Amino acid sequence: MTGVQTCALPILRDFAPVVLLTASHTILVVHPSLPVKTVNELVAFARSRPGQLNYDSGGNGNTTHLIGELLNSVAKIKIVHIPYKGSAPAITDIVAGQVTIAFNGIFAVKSLVDAGRLRAIAVASPARKPAMPQVATFAESGWPAIDATAYRGLVAPAGTPREIVMRINAESIKCMQGPELRKRLIDLGYDPVGGSPADYDRVIRAEMEKWGKLIREVGIKVG
């Protein structure tokens, strides 16, 4: 795959994909004081105030940071990134109005949106999420390029015997198919996935390609 150098990426060199467990999607929220209710209103507001708005994230280089830079790049706007040391303090400060825009997981902000302490603008997923069906997708709002999925899965040390990898894969999928666990995950905003180790390998490589391109273009530094 173009841009993915196996020898330079420890995750591809040192680990073997086992199974993709869940996918979750990032939601754009704003403090209620910000006079916007749609993506287009936010973009127009940001364009009229270049560099004056800010968004927070749980740290440099994570999904909640990268999707903000993706929105900046695609919409040709400049919303300033403010990194925090974790999602909890970032959420605390947007609720307090110290920052006005944030991207986060549905599970992290749903109760705050339901309580009116944050306003949900759009979710970065192919379809609306059962956990928050009232929130439109970026694609519905006219911004299909704004798509960010956070994946969670299992990997094993490189060289792990294939029979062990496949046993863990099978047992993990069996567990994820339990109706109570599936319902709980979906209610929290997660999509149970599963699939083969090869499926997970393709996801890892595709995500590295997608976000690596943005990181290089924007010049994102970690640390």
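Residues numbered from 1 in each chain as written. Predicted model: local features only at pLDDT ≥ 70, side-chain atom pairs only at ≥ 80, totals over all residues. Heavy atoms only, no water.

A. Representation of the packing of aromatic side chains in the model. Tallying each qualifying case throughout the model produces two aromatic pairs. Note on Tyr 55 and Phe 103: the rings are 5.8 Å apart at their centroids and 85° apart in plane angle, and the pair reads as edge-to-face. Taken together, the positions of Tyr 55 in strand S2 (residues 54-57) and Phe 103 in strand S4 (residues 101-105) put the pair 48 residues apart, joining distant regions of the chain. An identical accessibility class is assigned to Tyr 55 and Phe 103; each is buried. With a centroid separation of 5.2 Å and 20° between ring planes, the pair formed by Phe 107 and Tyr 190 is classed as stacked. Placement of the pair is Phe 107 in helix H5 (residues 106-114) and Tyr 190 in strand S7 (residues 190-194), with a sequence separation of 83 residues. For Tyr 190, a relative accessible area of 13% corresponds to the buried category. (Phe/Tyr/Trp six-rings, centres within 6.5 Å; stacked < 30°, edge-to-face > 60°. Helix = DSSP H or I, 4+ residues; strand = E, 2+ residues; numbered from the N terminus. Buried < 20%, exposed > 50% of the residue type's maximum accessible area, 1.4 Å probe, protein only.)

B. Representation of helix H2 (residues 39-47) in the model. Looking at H2, one finds that the buried residues are Val 39, Leu 42, Val 43, Phe 45 and Ala 46. What you see down the axis of H2 is that its buried residues fit within an arc of 165°, all on one side. Buried residues along H2 sit against strand S1 (15-30), helix H3 (63-75), S4 and strand S5 (119-123). (Arc of directions from axis to C-beta. Contact = heavy atoms within 4.5 Å.)

C. How the structure looks around the pattern of salt bridges. Considering all chains together, one arrives at nine salt bridges under this definition. Here Arg 13 makes a salt bridge to Asp 14, at a shortest N to O gap of 2.9 Å. Asp 14 gets classed as partly exposed once you look at its relative accessible area, which sits at 32%. Of the charged contacts, one joins Asp 114 and Lys 110 as a salt bridge, the two residues approaching to 2.9 Å between their closest N and O atoms. A residue pair is termed a helical-turn pair when its members lie 3 or 4 positions apart in one helix, as Asp 114 and Lys 110 do in helix H5 at four residues. (Salt bridge = Lys/Arg side-chain N within 4 Å of Asp/Glu carboxyl O.)

D. A look at a nonpolar patch on the surface. On the surface, a cluster of nonpolar side chains totalling about 230 Å² of accessible area is made up of Ile 11, Phe 15 and Val 155. Tracing the backbone shows Phe 15 in strand S1. (Patch = residues over 30% accessible without salt bridge, like charges linked within 9 Å, V, L, I, M, F, W, Y side chains within 5 Å. Areas by Shrake-Rupley, 256 points an atom, 1.4 Å probe, with all protein chains shown as cover.)

E. Examining the nonpolar core more closely. Core analysis: the largest hydrophobic core is formed by 30 residues, its most contacted members being Leu 34, Leu 53, Ile 101 and Phe 138. Taken together, the elements giving at least two residues each to this core come down to S1, H2, H3, S4, S5 and helix H8 (197-218). If sequence neighbours within four positions are ignored, Leu 34 has contacts with Leu 42, Phe 45, Leu 53, Thr 100, Ile 101 and Arg 119. One finds Ile 91, Val 99, Val 113 and Leu 118 within the second-largest nonpolar core, a separate group that totals 19 residues. (Core = buried A, V, L, I, M, F, W, Y, C linked by side-chain atoms within 4.5 Å.)

Worth remembering: the numbers are spatial, not functional.
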